[in-house]
Amino acid sequence: MLVAMTSLFAYSQGKNTKDFNTLLWQITGNGLQKPSYLFGTIHMICADDAGLSDSLKNAIGSSDEIYFEVDMDNLIEMLGVVRKMKMRNDTTLADLLDKTDYEKVKKYFESNESILPFSVLETYKPLLAASMLMESSSGCESPEAMEEVIMKEAKDNGKKIMGLETMAFQMSIFDTIPYKMQAMQLVKYVEDAGKGDTADSKEYEKLMQAYRDQDLSKLEELTKTTDLGMANFTDILLYDRNRNWVEKLKTIMPGQSVLIAVGAGHLPGDKGVINLLRKAGYTVRPVHNKARVPNQI
């Protein structure tokens, strides 16, 4: 998960992962008695593009447990994390921006639909606030999170939902990135959004298309030219988490079959989950993942 903002720079991980275009991978070998599966998600996508392939449905149906980045079925945890979305020490955007930039951001939030009022959002870690803007401006009449679509299928099949890390941990990551830097990125996003069909918006649409095409190599290629000022935090946002997940999976996968559904940006590259699993001795093979169009007869 780690919200929509990180998805913009989450794909650039060096070496391409290229067998054929797919978001679904099978994990076998290294003593596993049953195959497990790895799937790359995206936090928000148009409902028409959120269909599940027969291959993914079969992977869900044959798995004993479904692992997301966080346990999305734990209502207590999900509700309790709200307070952790706020900046520490009662910091607000007004403390981080000059008057001109502050008014610019405030006006943009108030003139665009948002889940929460600006008086609440301005207390949130700025990258989280920016992600809410991105989700509300997706251009979809019915946007959906792939995680939610997968979770519904999993629950329909009576599968247990688990998480590789906690929401509290994810929110704590944003405390390691200076709030001032986050605030300036929020200002940049607002300025770019106000320009309409900008180069940044075109690049983002290309990223979305690459996801729809299931082209991990293209996602990497595109994000090599995307700079949100977060290059110094790539280890914290991606690589360290990838390593931690693979270590956990070494103890989770033996004796059972699991589906691991995490952000697509975590999959490719030398430090991506696919390559780390292969280095750990597992065989990771691509699985054709032709999604059905929703409501298709």
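Here the structure is shown first, and the text comes after it.
Presented here is a report on the structure given in the accompanying data block. Since we're looking at a predicted model, the values are computed, not measured. (Residues numbered from 1 in each chain as written. Predicted model: local features only at pLDDT ≥ 70, side-chain atom pairs only at ≥ 80, totals over all residues. Heavy atoms only, no water.)

As for the overall build of the chain
We count it as follows: Numbered from the N terminus, helices here are DSSP runs of H or I no shorter than four residues, and strands are runs of E no shorter than two. We call two residues contacting when some pair of their heavy atoms lies within 4.5 Å. Using a 1.4 Å probe, the Shrake-Rupley method yields the accessible areas, and only the shown protein chains count as cover for residues.
Check the secondary structure of the chain and you find 14 helices and eight strands. Long-range contacts, defined as pairs at least 24 residues apart, comprise 85% of the intrachain contacts of the chain with a sequence gap of at least 6. Roughly 14000 Å² of accessible area belongs to the chain as shown, and the carbon and sulfur atoms make up 49% of that amount.

Observations concerning unusual backbone geometry
This is how it is decided: A simple rule labels every residue: compare its accessible area, found with a 1.4 Å probe on the protein chains alone, to the largest value its type can have, and call it buried under 20%, exposed over 50%, or partly exposed in between.
Of note in the backbone geometry, Asp90 takes a positive phi value of approximately 60 degrees without being a glycine. On the secondary structure map, Asp90 appears in the loop between α3 (75-80) and α4 (93-96). For Asp90, a relative accessible area of 71% translates into the label exposed. Phi angles above zero are rare outside glycine, and Gln214 is one such case at about 60 degrees. With respect to the helices and strands, Gln214 occurs in the loop between α11 (199-212) and α12 (216-223).

Concerning the nonpolar core
Just so we agree on the cut-off: Think of a nonpolar core as a cluster: buried Ala, Val, Leu, Ile, Met, Phe, Trp, Tyr and Cys residues, connected wherever their side-chain atoms sit within 4.5 Å.
Grouped together as the largest cluster of nonpolar side chains are 86 residues, with contacts concentrated most on Leu38, Phe39, Val105, Ile150, Leu259 and Leu277. At seven residues, helix α13 (residues 234-252) tops the list of elements feeding residues into this core. Residues in contact with Val105, not counting those within four places in the same chain, are Leu93, Leu97, Phe118, Leu186, Val187 and Val190.

What to know about the side chain of Thr91
Let me state the cut-off plainly: Nitrogen and oxygen atoms within 3.5 Å of one another constitute a polar contact, given that in protein one can donate a hydrogen and the other can accept it, and given that sequence-neighbouring residues count only through two side-chain atoms.
Along the chain, Thr91 falls in the loop between α3 and α4. Within the structure, the side chain of Thr91 is placed 2.7 Å from the backbone oxygen of Arg88, a separation counted as a polar contact. Beyond its immediate sequence surroundings of up to four residues, Thr91 is in contact with Leu96, Glu122, Thr123 and Tyr179.

Things to note about the side chain of Gln256
When you line up the elements, Gln256 lands in the loop between α13 and β7 (258-263). One polar contact links the side chain of Gln256 to the main-chain carbonyl oxygen of Ile252, over a distance of 2.8 Å. Non-local contacts of Gln256, meaning those with residues more than four positions away in its chain, are made with Lys34, Ser36, Asp64 and Glu65.

As for the pattern of salt bridges
Let me state the cut-off plainly: Definition used for salt bridges: Asp or Glu carboxyl oxygen within 4 Å of a side-chain nitrogen of Lys or Arg.
Under the counting rule described, the total for this entry stands at eleven salt bridges. Salt-bridge contacts for Arg241 lead to Glu69; the nearest nitrogen and oxygen are separated by 3.0 Å. You can see Arg241 sitting in helix α13 and its partner Glu69 sitting in the loop between β4 (65-68) and α3, a full 172 residues away along the chain. Each member of the pair, Arg241 as well as Glu69, carries the same accessibility label: buried. Here Lys104 and Glu191 are joined by a salt bridge, their closest N and O atoms 2.7 Å apart. One end of the pair, Lys104, is in helix α5 (residues 99-111); the other, Glu191, is in helix α10 (residues 179-194), and 87 residues separate them in sequence. Through salt bridges with shared partners, a single ionic network connects Glu69, Glu165 and Arg241.

A few points about the sheet that holds β7
Note the following rule: Strands pair, by our definition, only if DSSP identifies at least two bridges between them. Between the N-to-C directions of two axes lies an angle of 0 to 180 degrees, each axis being a line fitted to C-alpha atoms and, for a helix, fitted only over the stretch in contact.
Pairing is mixed in the open sheet, where six strands are placed in the order β6-β4-β7-β2-β1-β8. Taken across any chain shown, the strands that pair with only one partner, and hence form the sheet edges, are β6 (160-163) and β8 (283-287). Strand-to-strand, the axes of this sheet are offset by a mean angle of 25 degrees, without reference to chain direction. By the bridge criterion, four bridges tie strand β1 (residues 24-28) to strand β2 (residues 36-41) in an arrangement that is antiparallel. When the sheet's bridge partners are listed, Ile27 is paired in β2 with Ser36.

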